[in-house]
Amino acid sequence: MDSLHHVWIEISFSNLAHNLEQIKQHTPGKKILGIVKKNAYGHGLVEVGKRLAKLDVDYLGVIYPFEGIQLRDAGVEKPILVLGATLPTDIRGCLDKGLEFSLLSMDHLSAVEKASVASGNKGRVHIKIDTGMNRIGVPWNRSEALIKAALASKHVEIIGLFSHLASADTPNVGFSKVQVDRLQSAVNYFESAGGKKPLIHLAASGGILHYPETHFDMVRPGHLLYGVYPDHEAERSLDLRPVLSLHARVAFTKKIDKGATVGYGQSWTATKSTHISTVPIGYGDGYPRGLRNQCQVMARGQLFPVVGSVCMDQIMVDTGEIQLEPGEEVVLVGRHGKHSIKVEELAKVLNTVPDDLLSGFHIDIPRNFS
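A quick note: this is a predicted structure, and the numbers were derived from the prediction, not measured. (Residues numbered from 1 in each chain as written. Predicted model: local features only at pLDDT ≥ 70, side-chain atom pairs only at ≥ 80, totals over all residues. Heavy atoms only, no water.)

Considerations on the overall build of the chain
Here comes step 1: A count of helices and strands for the chain gives 11 helices and 21 strands.
Here comes step 2: Its C-alpha atoms give the chain principal-axis dimensions of about 80 × 45 × 35 Å.
Here comes step 3: Burial status across the chain gives 52% buried among its 370 residues.
Here comes step 4: Sequence-distant contacts in the chain: of pairs separated by 6 or more residues, those separated by 24 or more amount to 64%.
Here comes step 5: In the form shown here, the chain has an accessible surface area of approximately 16,300 Å², with 49% of it arising from carbon and sulfur atoms.
Here comes step 6: Considering the chain, the positive charge centre built from 40 side chains and the negative charge centre built from 39 side chains are found 2 Å apart. (Helix = DSSP H or I, 4+ residues; strand = E, 2+ residues; numbered from the N terminus. Buried < 20%, exposed > 50% of the residue type's maximum accessible area, 1.4 Å probe, protein only. Contact = heavy atoms within 4.5 Å. Areas by Shrake-Rupley, 256 points an atom, 1.4 Å probe, with all protein chains shown as cover. Lys, Arg positive; Asp, Glu negative; His and termini not counted. Charge placed at Lys NZ, Arg CZ, Asp CG, Glu CD.)

Quick notes on the nonpolar core
Here comes step 1: Counting residues in each nonpolar core, the largest one holds 106 residues, and the members touching the most others are V36, I127, L161, L246, Y287, I315 and L332.
Here comes step 2: Of all the elements, helix α8 (residues 175-192) adds the most residues to this core, at 6 residues.
Here comes step 3: Counting 8 residues, the second-largest nonpolar core is a separate cluster that includes I256, V262, A270 and M316. (Core = buried A, V, L, I, M, F, W, Y, C linked by side-chain atoms within 4.5 Å.)

Some thoughts on α8
Here comes step 1: The end-to-end C-alpha distance of α8 is 26 Å, a good match for the 26 Å that 18 residues give at a rise of 1.5 Å each.
Here comes step 2: When α8 is considered as a whole, its buried residues turn out to be S176, Q179, V180, L183, A186, V187, Y189 and F190.
Here comes step 3: Looking at the packing, one finds that the buried side of α8 touches β6 (123-130), α7 (144-152), β8 (156-162) and β9 (199-201).
Here comes step 4: A positive phi of about 95 degrees marks G194, the residue just after α8. (Expected span 1.5 Å × (residues − 1).)

Comments concerning the packing of helix α3 (residues 45-54) against helix α4 (residues 65-73)
Here comes step 1: The N-to-C vectors of α3 and α4 enclose an angle of 65 degrees; their axes lie 10 Å apart at closest approach. The handedness of the crossing between α3 and α4 is right-handed. Side by side, α3 and α4 meet where L45, V46 and G49 of the first sit next to E67, Q70 and L71 of the second.
Here comes step 2: Classifying every residue of the contact of α3 with α4 gives 3 nonpolar, 2 polar and 1 charged. (Axes fitted to C-alpha atoms, helices over the stretch in contact; angles between N-to-C directions. Left-handed = near helix turned anticlockwise from the far one by under 90°. Nonpolar A, V, L, I, M, F, W, Y, C, P; charged D, E, K, R; others polar.)

Quick word on the pattern of salt bridges
Here comes step 1: A full pass over the atoms with the stated rule returns 8 salt bridges.
Here comes step 2: In this structure, K177 engages D181 in a salt bridge whose closest nitrogen and oxygen atoms are separated by 3.0 Å. Taken as a pair, K177 and D181 lie in helix α8 at a separation of 4 residues, close to a single helical turn.
Here comes step 3: According to the relative accessible area criterion, K177 is partly exposed, its value standing at 44%.
Here comes step 4: The partner of R300 in a salt bridge is E328, with the nearest N and O atoms 2.6 Å apart. With R300 in the loop between β16 (296-299) and β17 (302-307) and E328 in the loop between β18 (315-320) and β19 (329-336), this pair connects stretches of sequence that are 28 residues apart.
Here comes step 5: By relative accessible area, R300 is classed as partly exposed at 43%. (Salt bridge = Lys/Arg side-chain N within 4 Å of Asp/Glu carboxyl O.)

Structural notes on the environment of K24
Here comes step 1: Position of K24 among the secondary structure elements: in helix α1 (residues 13-26).
Here comes step 2: By relative accessible area, K24 is classed as partly exposed at 30%.
Here comes step 3: Taking C-alpha positions, K24 is 35 Å from A149, a pair spaced 125 residues apart along the chain.
Here comes step 4: In this structure, K24 is in contact with I32, L55 and D56, ignoring residues within four places of it in sequence.

Below you can see the structure in the form of structure tokens.
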């Protein structure tokens, strides 16, 4: 670890490989598209992308073209799918770097054809069918015209048809079956129109866990790769190991008297004389302000509560009779001795999803890969 950084993240490639194997066993015979968007959920885009390529995933999935270009420039040769919306100005870069991307509408097809003519490369596309998420893509019940036009185009090669589940992170949601049927109707039309069967994919982590009928030809794990369940209601059916742990070093310690308050707004009052350690991490680093007085850290084999408000760049920890020394390590997410703090637990406190926290850990925090 760089001695000038007092906060760092550890990334376990062995846990990443373990989780990938768990997913493969759960979805036998299916291709795997590993999601590495948003800095690989905070784990490190290039490093994790390169490792997943070595672990022989079939595809990598990003949300923005620049993420795919970064992977290409780092030497990743695996197929890369840009899942998000590409603007007309993005398409040439995708073509030049051999990125596959989502085809969304008739206007989008026209833009792809124009860029293809200029570059001399066909657009390798996956037609995005909106089956009810209402985010991006052609509506399932108006998809026939786009499918027909794309099949007739000399400038695109249709690699896949896909959609995204709106309510898959919890089991037994009937709308997921509706979305399966809607996607299947588009696939049926594609095949009836004479198209060579494309790669069909629908299931992200929630679909992998709860809805085997959504697995089709390929699955798109994100959370599960990183050892995290997508929702506190999700079935714990895989043996997952967290890939990321968050660490920091104590910056300062002092003893305060009974009745003293800590932090902005005086939101915590000492009920007895105690030691307070200041740790140089805060919401500016992605450690959320909403965790004030509701979470713990680990040090010396024990759990200690975070007290007072979470500042932009510091938190305060009540260590009781124990005086932590400046430079001592504390663990904010991960395992320490017999204790552990999971990102899912913090997300539940905040009434959010785990990737809200993971993707929020600042890109400037050093990542150590092992």
